[in-house]
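# Notes for the structure review
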Amino acid sequence: MRAIVLGVAAGIAVFGLAGIGPSDAKEIALGAADFHERCGSDEPDIRLKRAWCAVADVLSPDAEGTFDTMGLLYHCAYDAEPVLEWGLQIAFCDILAAWSEEAAVRADARYWSAYALDEIGRYDEAIADLDYALQLQPDFYNALLNRGLAKRKNGDLGGAVDDYDAAIELEPARMDAYNNRGTVFLRLERYDRAIADFQKALDLQPGNSLTRFNLGLALQREGRLRAALANYEALAAAGDAIGEVVDIAFLHGQRAEAYADLNDGAAAVAAYEDVVSHDPSVSAAHFMLAQFRAFGPDEVRDFDKALFHAEENLRLDPADGVGVYVLARIHAAKGDIESAVATHRRLADNHWVYKSLYISVLKQKGYLDGDAPEDEWSEAAQAALTECARENCTILNE
């Protein structure tokens, strides 16, 4: 549990984004007893009553000292972790918003309560608090920025664009709103607008790794794969230095997809290897490596590595039916027909749909008589599957 500090004032102004200074700290002086008294009162504002009680629950009634404005703001704007403490942060913000006589302080309090509400997924409430902050201070850039983010998360993409438009009009030299608006256009599949916004953000802040990654995504989705890779490779060259900003395994995954779409098997394999090097738990990368190593260009084929990645994929994702099928075909490609047949049967016996599909395809390919039943494995069906495995025939993509 976070320590509750009474009487903290020095150095806290950095938390206030709406212009709070020490001179605003004089009108509030709340001691521990005040929180307990108001928790037990007939306070008509239910949200405020909950706030008094939330603080009272963690504050001894006989604790010495008092909270002034900056002391409340310290706990309101505190970047609370773990998430279980977000509710306490909101409580301090609610009290500050209700008790301060300064509009700038109330705006900041609602900004920070919205921040906490957004973190716990209560987007409607976050938006309402930011509405209030912006009523008090219409030029509150960060409130516009965060309301746009909350609207985007809440599915109101048009409203998010409107807020980012307003933020850009307010402070056109800041890159944040361009980047954030670009992410909305990316979701709307308006890739030209997304690319323009990300490029503008990079013009304003050329070293921003997250925006460069976003630009790569937009270019990739528009089909400009070489341009996307230029951005990805620039980020990959930075190595772990960007790990706090960009998910490095995801970055390498996007590189791999782009190279695969360009039919550059060797580069795709190298990028997928980078994925599992940074995060061995990414089953999809193991799945793709299994396929490339077994059935890709000659220069990347390695059946032992293919088998390893296929088995690792299924260890991580045992329910991956296609992964079982790929494993069966790898066994067949290695000449281990017994294991191939057993693995095909493992999939076919898992669900009647797979069983029916296998028997239907075996008939279509002429391995099994057309009048054989499709809901059971006969000796003839087993023999047909064995012959199919010897020739490493395809089943699921038929």
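One structure accompanies this document, and this report is about it. (Residues numbered from 1 in each chain as written. Predicted model: local features only at pLDDT ≥ 70, side-chain atom pairs only at ≥ 80, totals over all residues. Heavy atoms only, no water.)

## Some remarks on the pattern of salt bridges
In the structure shown here, the tally under the stated rule is 22 salt bridges. For Asp197, the salt bridge is made with Arg181, and the minimal N-O distance between the two is 2.7 Å. Taken together, the residues Asp197 in helix 10 (residues 191-204) and Arg181 in helix 9 (residues 176-187) connect sequence positions 16 residues apart. In this structure, Asp197 and Arg181 share a single accessibility class: buried. Between Glu387 and Arg390 there is a salt bridge; the shortest N-O distance is 3.5 Å. Of this pair, Glu387 and Arg390 both sit in helix 20 (residues 379-390), separated by three residues, roughly a single helical turn. When salt bridges with common partners are traced through the structure, they connect Arg47, Asp94, Arg110 and Asp129 into a single cluster. (Salt bridge = Lys/Arg side-chain N within 4 Å of Asp/Glu carboxyl O. Helix = DSSP H or I, 4+ residues; strand = E, 2+ residues; numbered from the N terminus. Buried < 20%, exposed > 50% of the residue type's maximum accessible area, 1.4 Å probe, protein only.)

## Remarks on the packing of aromatic side chains
In the structure shown here, the tally under the stated rule is nine aromatic pairs. Taken together, a centroid distance of 5.4 Å and an interplanar angle of 65 degrees make the contact between Trp112 and Tyr115 edge-to-face. Of this pair, Trp112 and Tyr115 both sit in helix 5 (residues 103-119), three residues apart, which is roughly one turn of that helix. On the accessibility criterion, Trp112 (11% relative accessible area) is buried. (Phe/Tyr/Trp six-rings, centres within 6.5 Å; stacked < 30°, edge-to-face > 60°.)

## A look at the state of the cysteines
Applying the stated rule across the entire model yields three disulfides. Note that Cys39 is cross-linked by a disulfide to Cys53, the S-S spacing being 2.1 Å. With the S-S dihedral at roughly 105 degrees, the linkage between Cys39 and Cys53 falls on the right-handed side. Within this pair, whereas Cys39 is found in helix 1 (residues 32-39), its partner Cys53 is found in helix 2 (residues 46-58), the two being separated by 14 residues in sequence. One disulfide in the model links Cys76 with Cys93; its S-S distance is 2.1 Å. The disulfide joining Cys76 to Cys93 has a torsion of about 100 degrees about its S-S bond and is therefore right-handed. Remark: Cys93 occurs in helix 4 (residues 86-99) and Cys76 occurs in helix 3 (residues 69-76); sequence separation between them is 17 residues. On the basis of relative accessibility, which here comes to 0%, the residue Cys76 falls in the buried class. (Disulfide = S-S within 2.5 Å.)

## Looking at helix 8 (residues 157-170)
With 14 residues, helix 8 ought to run about 20 Å at 1.5 Å a step, and its terminal C-alpha atoms sit 20 Å apart, in line with that. For helix 8, the set of buried residues is Leu157, Gly159, Ala160, Val161, Asp163, Tyr164, Ala167 and Ile168. Elements in contact with the buried residues of helix 8: helix 7 (141-153) and helix 9. (Expected span 1.5 Å × (residues − 1). Contact = heavy atoms within 4.5 Å.)

## A look at the packing of helix 17 (residues 321-333) against helix 18 (residues 337-348)
Between helix 17 and helix 18, the least distance of the axes is 7 Å, while the angle of their chain directions is 165 degrees. Our classification of the angle between helix 17 and helix 18 gives roughly antiparallel. Here the hand of the crossing between helix 17 and helix 18 comes out left-handed. On helix 18, the residues that touch Gly321, Val324, Tyr325, Leu327, Ala328, Arg329, His331 and Ala332 of helix 17 are Ile337, Ser339, Ala340, Thr343, His344, Arg346 and Leu347. (Axes fitted to C-alpha atoms, helices over the stretch in contact; angles between N-to-C directions. Parallel < 35°, antiparallel > 145°, perpendicular 65-115°, else oblique. Left-handed = near helix turned anticlockwise from the far one by under 90°.)

## Overview of helix 17
Helix length check: helix 17, at 13 residues, gives a terminal C-alpha distance of 19 Å against a target of 18 Å (1.5 Å per residue), a fit within 8%. Along helix 17, the positions that sit buried rather than exposed are Gly321, Gly323, Val324, Tyr325, Val326, Leu327, Ala328, Arg329, Ile330, His331 and Ala332. Of the residues flanking the start of helix 17, the one acting as N-cap is Asp320, its side-chain oxygen 3.3 Å from the backbone nitrogen of Val322. Trailing helix 17 by a residue or two, Gly335 shows a phi angle of about 90 degrees, which is positive. (Polar contact = N/O pair within 3.5 Å; in protein donor to acceptor, adjacent residues only side chain to side chain.)

## A look at the nonpolar core
Core analysis: the largest hydrophobic core is formed by 89 residues, its most contacted members being Leu30, Phe35, Val55, Leu72 and Ile95. The greatest single-element share of this core, amounting to nine residues, is contributed by helix 4. Excluding its chain neighbours within four sequence positions, the residues that come into contact with Phe35 are Leu30, Trp52, Val55, Ala56, Leu59, Phe67, Leu72 and Ile95. (Core = buried A, V, L, I, M, F, W, Y, C linked by side-chain atoms within 4.5 Å.)

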